[in-house]
Amino acid sequence: MMKLSLAIASLVITSSFALAAPATLATVNGKAITSGDANTFLAKAAPGMSYEKLDPKMKRQVVDQLVNQTLIKDQVLKSGIQNTAQFKAQYAAIKNDLAVDMWMKQQMKKISVSDKEAKTFYDANKDKMKQGEKVIPYDKAKAEITQFLKLEKFKAHMDKTTDSLRSAAKVEIKL
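Our subject in this report is the structure included herewith. Just so you know, these numbers come straight off a predicted model, no measurement behind them.

1. Some details on the overall build of the protein
Stage number 1. On a plain count of helices and strands, the protein comes out with 6 helices and 4 strands.
Stage number 2. Traced from its N-terminal end to its C-terminal end, the protein shows the element sequence α-β-β-α-α-α-α-β-β-α.
Stage number 3. Within the span of the protein, comprising 175 residues, buried residues form 18% of the whole.
Stage number 4. Across the protein, contacts joining residues at least 24 apart in sequence account for 47% of those joining residues at least 6 apart.
Stage number 5. A total of about 14100 Å² of accessible surface is found on the protein, and carbon and sulfur atoms cover 61% of it.

What follows is the structure in C-alpha cells.
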C-alpha cells in the first residue's frame, strides 16, 4: 500500500510540473513560441489578461502577432542595423534612461504615507474634499490622498537628492 501511494504521489507531482511548463503554441524557423510568451505579450498589451482566458479566435490572433513579431525581429537582426553607430548611440541613451527610470521607481517604493498623515491632510483640507456640494468621505478619498502625499514626498526627496548632487559636483551653466 505504501508503494502505491508513493507512486501516485510521484505521478501527481510529475504531472503538476508537466502542466506548469509553458505549452508550445507555434514554431518559427525552429524557435518555439510558448504560452509564456503569449502571457508576456498580453501583460504589456492588456494588463491582467492571460492567454488561457482568451477565446480560440483571440488566441489565434495573439499567436499570429507573436509569429509576425518573431519574423520581423529575425529580419531586423539579419539586417545588421544593431551594428550601426546610430543604433549604438540611441541604444546607449535608452539604456541610461531605463536605468534612471528604474532607479526612480526604487526611490518611490521607499516612500510611505501613514494613515495618520493621510487623515491629517484630509482633515486640514476637508473644505476641498467635495464632489459638488457633498463632502467626500475619508475612506473614499484615502487612496487618492495617499498617492498625492507620496508624490509630494517623492518630489521633496528628489529635490534634496539633486541639491546634494549639485553641491558635490562642479556645475557650470552657460546661458
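Continuing now.
2. A closer look at the pattern of salt bridges
Between side chains of opposite charge, pairing is possible as soon as their charged atoms come close.
Stage number 1. Scanning all chains against the criterion turns up 9 salt bridges.
Stage number 2. With a shortest N-O distance of 3.6 Å, K170 and E172 are connected by a salt bridge.
Stage number 3. Note that E172 and K174 form a salt bridge whose closest N and O atoms lie 3.7 Å from each other.
Stage number 4. K174 gets classed as exposed once you look at its relative accessible area, which sits at 68%.
Stage number 5. Salt bridges linked by common partners bring K170, E172 and K174 together as one network.

3. Let's talk about unusual backbone geometry
Stage number 1. Although it is not a glycine, N29 adopts a positive phi angle of roughly 50°.
Stage number 2. Within the secondary structure, N29 is located in the loop between β1 (24-28) and β2 (31-34).
Stage number 3. Since its relative accessible area comes to 66%, N29 is described here as exposed.

4. Looking at the packing of aromatic side chains
What characterises a pair of aromatic rings is the spacing of the ring centres plus the angle enclosed by the ring planes.
Stage number 1. Tallying each qualifying case throughout the model produces 3 aromatic pairs.
Stage number 2. With a centroid separation of 5.9 Å and an interplanar angle of 10°, the aromatic rings of F87 and Y91 are classed as stacked. With F87 and Y91 both in helix α4 (residues 85-109) and 4 residues apart, this pair spans about one turn of that helix.
Stage number 3. Look at Y122 and Y138: their rings are 5.4 Å apart centre to centre, the planes differ by 70°, and that puts the pair in the edge-to-face class. Remark: Y138 occurs in helix α6 (residues 138-168) and Y122 occurs in helix α5 (residues 115-124); sequence separation between them is 16 residues.
Stage number 4. Between the NZ or CZ atom of K119 and the centre of the ring of Y138, over which it lies, the distance is 5.3 Å.

5. So, the layout of surface pockets
Stage number 1. Reported here for the largest pocket is a volume of approximately 220 Å³.
Stage number 2. Residue lining of the largest pocket: K31, A32, I33, D37, T40, F41, K44, L66, Q69, T70 and K73, and that is the complete set.
Stage number 3. The set of elements that each furnish at least two residues to the lining of the largest pocket consists of β2, α2 (35-45) and α3 (56-79).
Stage number 4. Split by residue class, the lining of the largest pocket holds 4 nonpolar, 3 polar and 4 charged.

6. A few points about the packing of α4 against α6
Stage number 1. Contact geometry of α4 with α6 gives a least axis separation of 10 Å together with a crossing angle of 120°. It follows from the interaxial angle that α4 and α6 lie oblique. As for the relative orientation of α4 and α6, their crossing is right-handed in sense. On α6, the residues touching W103, M104, Q107 and M108 of α4 are Q147, K150, L151, F154, H157, M158 and T161.

7. Looking at the packing of α5 against α6
Stage number 1. Contact pair α5 / α6: the axes reach a minimum separation of 9 Å and the direction vectors enclose 105°. The angle between the axes of α5 and α6 places the two elements in the roughly perpendicular class. Of α6, the residues touching α5 (which contributes D115, E117, A118, K119, F121 and Y122) are Y138, A141, K142, I145, T146, F148, L149 and K153.
Stage number 2. Residues that form the contact of α5 with α6 fall into these classes: 8 nonpolar, 1 polar and 5 charged.

About the cut-offs
Residues numbered from 1 in each chain as written. Predicted model: local features only at pLDDT ≥ 70, side-chain atom pairs only at ≥ 80, totals over all residues. Heavy atoms only, no water. Helix = DSSP H or I, 4+ residues; strand = E, 2+ residues; numbered from the N terminus. Buried < 20%, exposed > 50% of the residue type's maximum accessible area, 1.4 Å probe, protein only. Contact = heavy atoms within 4.5 Å. Areas by Shrake-Rupley, 256 points an atom, 1.4 Å probe, with all protein chains shown as cover. Salt bridge = Lys/Arg side-chain N within 4 Å of Asp/Glu carboxyl O. Phe/Tyr/Trp six-rings, centres within 6.5 Å; stacked < 30°, edge-to-face > 60°. Lys NZ or Arg CZ within 6 Å of the ring centre and 35° of its normal. 1 Å grid on protein atoms, 1.4 Å probe; cavity = no way out; pocket = protein on both sides within 12 Å on 5 of 7 lines; lining within 4 Å. Points joined across faces, edges and corners; volume = space filled by probe spheres on them. Nonpolar A, V, L, I, M, F, W, Y, C, P; charged D, E, K, R; others polar. Axes fitted to C-alpha atoms, helices over the stretch in contact; angles between N-to-C directions. Parallel < 35°, antiparallel > 145°, perpendicular 65-115°, else oblique. Left-handed = near helix turned anticlockwise from the far one by under 90°.

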